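Structural overview for review
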Amino acid sequence: MASFIVEGNNLLRGTIEVSGSKNAALSALAAGILFKTFPEYFRVPDIEDIRRMRELIDVFLEHKTINTEIAKRFRASILLAGPILARLGAVSFPHPGGCLIGARPIDVFLEGWRMMGAYISEDKDGYHLEISKQTSLRGIDYTFRVKSVTGTESLMMTAVLAHGITTLHNSACEPEIKSLADFLNANGAVVCGAGTPDIVVKGNGGALLDFHKPFVSPPDRIETGSLAILGSLAADELRITQCNPAELEAPLQALNNAGASIEVGDNWIIVKKSDCFFPVDIETREYPGFPTDLQAPFMVFLTQAGGTSIVRENIFEGRMTHVPSLNAMGARISLKGNHRAVIEGKTPLVGCAMESPDIRAGLAFIIAASIANGTSRIGNAYQIDRGYVALDKRLSEIGMHIFRAD
Ligand code: EPZ
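Quick notes on the state of the cysteines
- Per the counting criterion, the structure on display carries zero disulfides.
- Cys 173 takes part in no disulfide bond, and the closest cysteine sulfur to it belongs to Cys 192, at a distance of 15 Å.

Concerning the sheet that holds strand β16 (residues 307-312)
- Read across the sheet, four strands follow the order β15-β16-β18-β17 without closing on themselves; strand pairing throughout is mixed. Where the open sheet ends on each side, the last strands, each with one partner, are β15 (282-283) and β17 (332-336).
- By the bridge criterion, six bridges tie β16 to strand β18 (residues 340-345) in an arrangement that is antiparallel. Bridging from a neighbouring strand, Ile 310 pairs with Val 342 of β18.

Re helix α10 (residues 295-302)
- Where burial is concerned, most of α10 is hidden: eight out of the eight residues are buried.
- Taken together, the buried positions of α10 are Gln 295, Ala 296, Pro 297, Phe 298, Met 299, Val 300, Phe 301 and Leu 302.

Remarks on the packing of helix α4 (residues 81-88) against helix α6 (residues 149-160)
- Relative orientation of the contacting elements α4 and α6 amounts to 15°, with a least axis distance of 8 Å. One finds that α4 runs roughly parallel with respect to α6. Handedness of the crossing formed by α4 with α6: right-handed. Across from Gly 82, Pro 83, Leu 85 and Ala 86 in α4, the residues of α6 making contact are Ser 154, Met 157 and Thr 158.
- Within the contact of α4 with α6, the residues separate by chemical class into four nonpolar, three polar and no charged.

Comments concerning the domain arrangement of the protein
- Taken domain by domain, the protein holds domain 1 (3-19 + 220-405) and domain 2 (22-216).
- One C-alpha centre belongs to domain 1, the other to domain 2, and the line joining them spans 31 Å.
- In this assembly, 24 residues from domain 1 lie in contact with 23 residues from domain 2.
- Summing both sides of the interface, domain 1 and domain 2 together bury roughly 2,000 Å²; the carbon and sulfur share of this comes to 52%.
- Counting the surface domain 1 buries against domain 2, the share from its top three residues, Tyr 287, Tyr 382 and Arg 386, is 31%.
- Here domain 1 and domain 2 share three salt bridges between them.
- Across the pair Arg 386 and Asp 49 runs a salt bridge whose closest N-O atoms are separated by 2.8 Å.
- Partitioning the side of domain 1 that touches domain 2 into residue classes produces eight nonpolar, four polar and twelve charged.

Procedures and definitions
Chains are numbered independently. Their residues run from 1 in the order of the written sequence. Per-residue local features of the predicted model are confined to residues with pLDDT of at least 70, and side-chain atom pairs are confined, for both listing and counting, to 80 or more; whole-chain, interface and lining totals are unaffected and use all residues. To obtain the side-chain values, all non-hydrogen atoms of the structure were used and water was disregarded. Defined by distance alone, a disulfide is two cysteine sulfur atoms within 2.5 Å. The criterion for strand pairing is that DSSP finds at least two bridges linking the strands in question. Here a helix means four or more residues in a row that DSSP labels H or I, a strand means two or more in a row labelled E, and each is numbered from the N terminus. For each residue, the accessible area found with a 1.4 Å probe, counting protein chains only, is set against the maximum for its type, and the residue is called buried under 20%, exposed over 50%, and partly exposed in between. Each axis is a line fitted through C-alpha atoms, and for a helix only the stretch in contact is used; angles between axes span 0 to 180 degrees, taken between their N-to-C directions. Geometric relationships in this document are graded by angle, where less than 35 degrees denotes roughly parallel, more than 145 denotes roughly antiparallel, 65 to 115 denotes roughly perpendicular, and other angles denote oblique. We call a crossing left-handed when the near helix sits turned anticlockwise from the far one by less than a right angle, and right-handed when that turn is clockwise. Residue contacts are counted whenever heavy atoms from the two residues lie within 4.5 Å of one another. Just so you know the grouping, Ala, Val, Leu, Ile, Met, Phe, Trp, Tyr, Cys and Pro go in nonpolar, Asp, Glu, Lys and Arg go in charged, and all remaining residues, Gly too, go in polar. Either an automatic procedure or a domain database provided the assignment from which the domain bounds are taken. Simply put, the buried area is the total loss of 1.4 Å probe accessible area from both parts when two parts are fitted together. Throughout this description, the term salt bridge denotes a Lys or Arg side-chain nitrogen within 4 Å of a carboxyl oxygen of Asp or Glu.

Okay, here's the thing in C-alpha cells:
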C-alpha cells in the first residue's frame, strides 16, 4: 500500500493552483445519465473517486447496471441511483461505501424515492428500486429530515425526469448543489432555488436532456481551505490561485480570528506563516457554516495556537479518528465524546507513522507532518489520492519535502 513520506520543517513558498471540485464534479458526472448523449466536462480533477465514477458510468452505459465492487469503494456512487431510476424506472445499488466518518444512512434518499413512486426492497447485497408500471415517477412535496448534500442532489436529479412539480424543503445549500442545478438548467432542465433550502423542479415527464453546454467544474473549496491552513502554518508566502474565497467565509474568518496573515482577492488568497496564533472555538455546520471537511486540517492548525481551543463536530458522529495520531505527534487533544475535542496549544509536533482514515484526515496528517520535527510516513495514500490531484508533485513545487513510497 502506497504511503507519503514527509520531512518536516521546510519553509514553503510560491504559487499553487486549486484543482476542480471533487464533489461538484461527482454529482455533475452522475447527472450525465439524464442526457440522451453523455455530456462534456472540463476542469474535472483527475483523482481516484472521479476515475471510479467514470468507470461506473461506462459500465452503466454499456450494461445498464451499477458495478457493485466499484460502487462500494466510495459513498458518492449513490449519486447514480436517482438518475438511473429516473431514466430506466428501476435501479439496484449496494449499501453505500465510503469514509469511516459515521453511519451515513440513506433514509432521506429512500423516503423521497418512495414518495416519487418507487417500490423499494433491501437485501444483504443492497437496495432494489422500481417504479410500478401503473404509476410513473411523480413530482413530490418533500421536507428533508436532515440537510443532506447528496440527498438533495439525488432527489433534485430524479425530479428532473419526473411527471409534475417537485418541491424540496430543508435542502442542503452547499455550492455544489447550485453548480449542479446550473449545469442541468443550461441543458434544458427547470430547477429553481438551488443553493437555498427550498428547491423547485419542473419535471419534464421522462424526456432525456439534450446536451447544449458542458460542465466546467468550479474550484475545490475544501482544497482551497486546506491550502490556506497549510500556508498559515508553514509558508513564507503562499499564493493560492484559481479559487473562490467567497465560498470559504467561515474558515477564513476562523483563521483571521486566530491571527493568521491572510490577504483575499476575488480568485486568489495569499497566506504567510505566523509563529503565534490565538486559540479559537469552531463548530462544524451545514453551508455556509464551518465545513466538516475542514475540521481535521483546522484541528492541526489549533495545535499551534497558544491556549485552549474547542472543536465541535456537528455533522458526523465518527469524524474524530485523526485525534490519536495527532496526539502521537505531540499534540494535546482530549476527546469529550464523539463530537467535541479540546485542544491545548501550542505544542511542537514530531514526525510519526500514521494511516489516513479518510480523505480529509489524510491531508490533515500531511499538514501536521510538514510542520513536525523529523520525518513522517502517512500510509493508505489511496485515501488521499481519492480527493487530491498529484498532491506530492504539487506540494513539492511549493517547497514541501514530500515523496511517495510503496
Ligand atoms: C457530502 O456527503 C460530501 N460528499 C462530504 O464530503 C461532506 O462531508 C458532506 O456532504 C457534508 O458536507 C460528497 O458531496 C460526495 P450528508 P454526504 O448526506 O452527502 C446524515 C469528502 O471528503 N444523513 O450531507 O454523504 C449524515 O449521516 C466527503 O469530500 C442522514 O441521517 O453527507 C450526516 O450526519 C466526506 N440520512 C448528515 O446527514 C441520510 O439519508 C450530513 O450528511 C443522509 C444523510
